[in-house]
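# A look at the structure
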Amino acid sequence: QIAIFIVWQIYCRELIGSNDRLFVFSLMEYMMNKLTKKQEAKVIDTLNKIMEYELAGVVRYTHYSLMVYGYGRIPIVGWLKENATESLDHAYRAGELVTLLGGHPSLGIGSLLETEQHDIGDILRESLAHEAGALAVYYELLALVEGKSVLLEEYAREMIASEELHRDSVNKMLRRPGDITVFSA
């Protein structure tokens, strides 16, 4: 736990500056006292599942960006590449938390299903399904850490908000022009 504390202190100092050292000490102490070893192991497993899901997103969005054709290709490819980069960032953040808790980041990758459907509508519907799965894992993490770790709870909430906004963007892209009702498959 001391090693975890030292890594956490360095990480927080980079994020919030060295003047807030007392805050960092208090936060780490609070976090370490609230999660039992069994709960910590479950959190690490869930964070690894998040990593795997997000890494699958990197592959998925990269593949999609290569399969877009037609007049609207350039902005759609750019958007898909941004999503691949964002998924990589999300995977990295989850991995950082795994190591913070003393765990070992997974080398696995989430499910990748090739449907051979490359129409932009099909790509967006697959993306919507993938985002729903990612959201479910983030909600799983939130349920595990709520009231037990401020750091992990805030992380889960931030990621849920990000994923919900992304899901809603995809939903709007699937609507026909002028249609204001929420898309449903």
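We now turn to the structure provided with this report. Quick caveat, the model's predicted, so the values are computed rather than measured.

## Quick notes on the pattern of salt bridges
- Applying the stated rule across the entire model yields seven salt bridges.
- A salt bridge links Arg93 to Glu158, with the shortest nitrogen-to-oxygen separation between them at 3.0 Å. Here Arg93, found in helix H4 (residues 73–100), pairs with Glu158, found in helix H6 (residues 150–174); they are 65 residues apart in sequence, far enough to count as distant.
- Glu146 is the salt-bridge partner of Arg157, the closest N and O atoms lying 2.7 Å from each other. Within this pair, whereas Arg157 is found in helix H6, its partner Glu146 is found in the loop between helix H5 (120–145) and H6, the two being separated by eleven residues in sequence.
- Since its relative accessible area comes to 36%, Arg157 is described here as partly exposed.
- Judged by its relative accessible area of 42%, Glu146 is partly exposed.
- Taken together, the salt bridges that share partners define one network made up of Glu146, Glu153 and Arg157.

## Re the packing of helix H3 (residues 37–66) against H6
- Where H3 contacts H6, the two axes come as close as 14 Å, and the packing angle between them is 25°. Between H3 and H6, the angle is such that the two are roughly parallel. Along this stretch, H3 crosses H6, giving a crossing that reads as left-handed. Together, Val43, Leu47, Ile50, Glu54 and Tyr61 of H3 and Leu152, Tyr155, Glu163 and His166 of H6 make up the contact between the two elements.
- Partitioning the contact of H3 with H6 into residue classes produces six nonpolar, one polar and two charged.

The rules behind each value
- Residues numbered from 1 in each chain as written.
- Predicted model: local features only at pLDDT ≥ 70, side-chain atom pairs only at ≥ 80, totals over all residues.
- Heavy atoms only, no water.
- Salt bridge = Lys/Arg side-chain N within 4 Å of Asp/Glu carboxyl O.
- Helix = DSSP H or I, 4+ residues; strand = E, 2+ residues; numbered from the N terminus.
- Buried < 20%, exposed > 50% of the residue type's maximum accessible area, 1.4 Å probe, protein only.
- Axes fitted to C-alpha atoms, helices over the stretch in contact; angles between N-to-C directions.
- Parallel < 35°, antiparallel > 145°, perpendicular 65-115°, else oblique.
- Left-handed = near helix turned anticlockwise from the far one by under 90°.
- Contact = heavy atoms within 4.5 Å.
- Nonpolar A, V, L, I, M, F, W, Y, C, P; charged D, E, K, R; others polar.

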